[in-house]
Structure formats: structure tokens, C-alpha cells
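Next come the chains, spelled out residue by residue.
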Amino acid sequence: MPHKEQYICERKLIRVIKRLKIEDFNFNWDRSSCFIEFHYQDTPYRLEHSIEKAKERGIILRNGLDCLTELTLSLEDLCEIIDRGTYNFETWISGMKQSTPTQEVPEFQEEFHIRYKSSGKHTHPELKRHEEFTPFPPESSSLKEFEPEKIKEQVNERTQLK
């Protein structure tokens, strides 16, 4: 049964698209949304619908196929308006122009290397035992200069001191 529903919806969409005299189009749907993209007079357009958008309006849809059905019905209504001569197609789709993709801003612009250094003697009683603990030797300027052998030696020395 679900395949029959999908087939009917897709056939209806194709009929409506042909009725609007659109030759180049693409559509897809998933669990929670759908879209229809098309070119009209060399301008790209995109229609989107989702379960969340419908829910905000008090409409309950089950899945993306229901969303696609709703978009198809909207385009079918648009065909009726155009056939009556009330408005032309260009007037209605002017608000559906596909915006140019925005430049993706990387989450991190730069990489920072942070070194921690002991500020001297600590007053906290539990930290008095480890007064001179400095995780990085003062002469190293980055983690790349760290030598694993030196780290092992430092760890061994500290464990022997206890």
C-alpha cells in the first residue's frame, strides 16, 4: 500500500508540473520533510515543507510523503488560480526564488596552543605536596617539541618521590 500512495503522489506532482509548463524539476522527500526544485525562465526556485512547519500551523502530517502531497496540492491550487486568469505564474513564484548558498563559516578559525605554568607556591593544603608541578617544561614552545621519553622519566621520578 505505501508504494501505491507514493506512486499516486509522484504522478500527480508530474501532472501539475507539466500543467505549469515547467520542464526542468527535481523533488525528494524523507521521513520529516520534502522539497521541489525547478527552473523557470532560467531562474531556480525551491519549495520546502516539513512536519514541523505543518505542526506550527496546527496541521498533523505523518511523514515527508504527506508533506510532498501538501506541496503538490498547493501547486494544483496555483494552477487553478492561473487558469482563471486571476494572476500569472511569475507573480506567485517571485517569493519562491532559491537564495544563493551562503558561505559556510568554519566552526574554528584558528588553532590556539595553550600552555599552563605554575604561578608559584599554592596556599591550598592539598596542593602543598605538589608545589613545583609544571606540566610543560619552560623551554618547550609547543606540544610537538615534547619528547615521550622525557615525559616517562618525569612520571617515574614523581612516582618514586612518593
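Details of the structure are given in the entry above.
Residues numbered from 1 in each chain as written. Predicted model: local features only at pLDDT ≥ 70, side-chain atom pairs only at ≥ 80, totals over all residues. Heavy atoms only, no water.

**A short note on unusual backbone geometry**
Moving on, step 1. With phi around 50 degrees, Gln 41 is a residue other than glycine that occupies positive phi space.
Moving on, step 2. Its place among the elements puts Gln 41 in the loop between strand S2 (33-40) and strand S3 (43-50).
Moving on, step 3. Residue Gln 41 is classed as exposed on the basis of its relative accessible area of 58%.
Moving on, step 4. In this structure, Asp 42 takes a positive phi of about 60 degrees despite not being glycine. (Helix = DSSP H or I, 4+ residues; strand = E, 2+ residues; numbered from the N terminus. Buried < 20%, exposed > 50% of the residue type's maximum accessible area, 1.4 Å probe, protein only.)

**Some points on the sheet that holds strand S1 (residues 24-29)**
Moving on, step 1. Pairing is antiparallel across the open sheet formed by three strands, whose spatial order is S1-S2-S3. Every other strand in the sheet has two partners, leaving S1 and S3 as the edge strands with one partner each. Strand after strand, the sheet turns through a mean of 10 degrees between neighbouring axes, direction not considered.
Moving on, step 2. Where S2 meets S3, eight bridges bridge the pair, whose relative direction is antiparallel. Opposite His 39, over in S3, you have Pro 44 as the bridge partner.
Moving on, step 3. The strands that helix H3 (residues 64-84) touches are S1, S2 and S3; relative to S2, the one it contacts most, it runs at about 40 degrees. (Pairing = 2+ DSSP bridges. Axes fitted to C-alpha atoms, helices over the stretch in contact; angles between N-to-C directions. Contact = heavy atoms within 4.5 Å.)

**Here's the deal with the pattern of salt bridges**
Moving on, step 1. Per the counting criterion, the structure on display carries seven salt bridges.
Moving on, step 2. With its nearest N and O atoms 3.0 Å apart, the salt bridge here joins Glu 5 to Arg 62. Linking Glu 5 in helix H1 (residues 2-19) with Arg 62 in the loop between helix H2 (51-56) and H3, this pair joins segments that are 57 residues apart in sequence.
Moving on, step 3. On the accessibility criterion, Glu 5 (33% relative accessible area) is partly exposed.
Moving on, step 4. Two residues, Arg 19 and Glu 80, come together in a salt bridge whose shortest N-O distance is 3.0 Å. With Arg 19 in helix H1 and Glu 80 in helix H3, this residue pair connects regions lying 61 residues apart in the sequence.
Moving on, step 5. Here Arg 19 falls in the partly exposed class, since its relative accessible area comes to 36%. (Salt bridge = Lys/Arg side-chain N within 4 Å of Asp/Glu carboxyl O.)

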